[in-house]
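Here is what each chain is made of, one letter per residue.
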Amino acid sequence: MIIAMNTKDNYLETLKYIALHVRTEARVILMSSISVYREFDMEVDEETSISKIGLQYEAEQLIQNLKTHVITLRLGGLMGEDRVAGRWSRVKNFTDGIVNYVHRDDVIGVVKNLIISDVSHGLFNVVAPLHPLRSQVHQNNAKKFGFEIGTFAGMSHRKVSSKRLLEDLDY
């Protein structure tokens, strides 16, 4: 079973309901988010200890505690199709810094890889291994798609590692 839900509207209650009705032996892939690392301004990976418990982390714990065969995918900022960084943002002042994006097609590829593999549990950060600056991405997209970009101030150094994904799943 693949669980990919918007975190709005009774997220935890819906996950509890799903968890109670899925067979114990079922393999579950939970789509989560790298937002669980929000408190950090450094390189992080799946071993990083999270102290500021937010909704995504609480959801991960809920599903992992109720089921044996859970694979949690912490997705980076989704790109692809109509998702173009900087294009639709109402924000005009951005904090610059390292981006942790993933293309929609790569998320699909990782899930396909997991379905055909014998991996039955684990935690994986799903982000591109390249981490350009947000300002560079927005400038490139502005040129390519013809939109105006905001201004950039400050700097974030949060870099989410996808090393486990590369090594364990060879993706």
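If you're wondering where the values come from, they're calculated on a predicted model, not measured in any experiment. (Residues numbered from 1 in each chain as written. Predicted model: local features only at pLDDT ≥ 70, side-chain atom pairs only at ≥ 80, totals over all residues. Heavy atoms only, no water.)

Trainee: Hey, could you go over the layout of surface pockets for me, with residue numbers and the actual values?
Mentor: Space left empty within the atom packing is revealed by a probe, the size of a water molecule, rolled over the atoms. The volume enclosed by the largest pocket comes to roughly 1,300 Å³. For the largest pocket, the lining is made up of 37 residues, of which Ser-33, Gly-76, Gly-77, Leu-78 and Arg-83 are closest to its centre. Contributions of two or more residues to the lining of the largest pocket are made by β2 (27–33), β5 (77–79), α3 (104–116) and α4 (134–145). Tallied by class, the residues present in the lining of the largest pocket amount to 17 nonpolar, 13 polar and 7 charged. (1 Å grid on protein atoms, 1.4 Å probe; cavity = no way out; pocket = protein on both sides within 12 Å on 5 of 7 lines; lining within 4 Å. Points joined across faces, edges and corners; volume = space filled by probe spheres on them. Helix = DSSP H or I, 4+ residues; strand = E, 2+ residues; numbered from the N terminus. Nonpolar A, V, L, I, M, F, W, Y, C, P; charged D, E, K, R; others polar.)

Trainee: How would you explain the environment of Leu-66 if you had to name every residue and give the values?
Mentor: Along the chain, Leu-66 falls in helix α2 (residues 55–66). Residue class for Leu-66 comes out partly exposed when judged on its relative accessible area of 38%. As for Leu-66 and His-138, which are separated by 72 residues in sequence, their C-alpha atoms are 41 Å apart. (Buried < 20%, exposed > 50% of the residue type's maximum accessible area, 1.4 Å probe, protein only.)

Trainee: Go over the packing of aromatic side chains, please, and point to the residues and values.
Mentor: Tallied over the full model, the rule gives 1 aromatic pair. A ring pair is formed by Phe-94 and Phe-152, whose centres lie 5.3 Å apart and whose planes are at 25°; its orientation type is stacked. Here Phe-94 is found in strand β6 (residues 93–97), whereas its partner Phe-152 is found in strand β9 (residues 151–156), with 58 residues between them in sequence. Its relative accessible area of 23% is what places Phe-152 among the partly exposed residues. (Phe/Tyr/Trp six-rings, centres within 6.5 Å; stacked < 30°, edge-to-face > 60°.)

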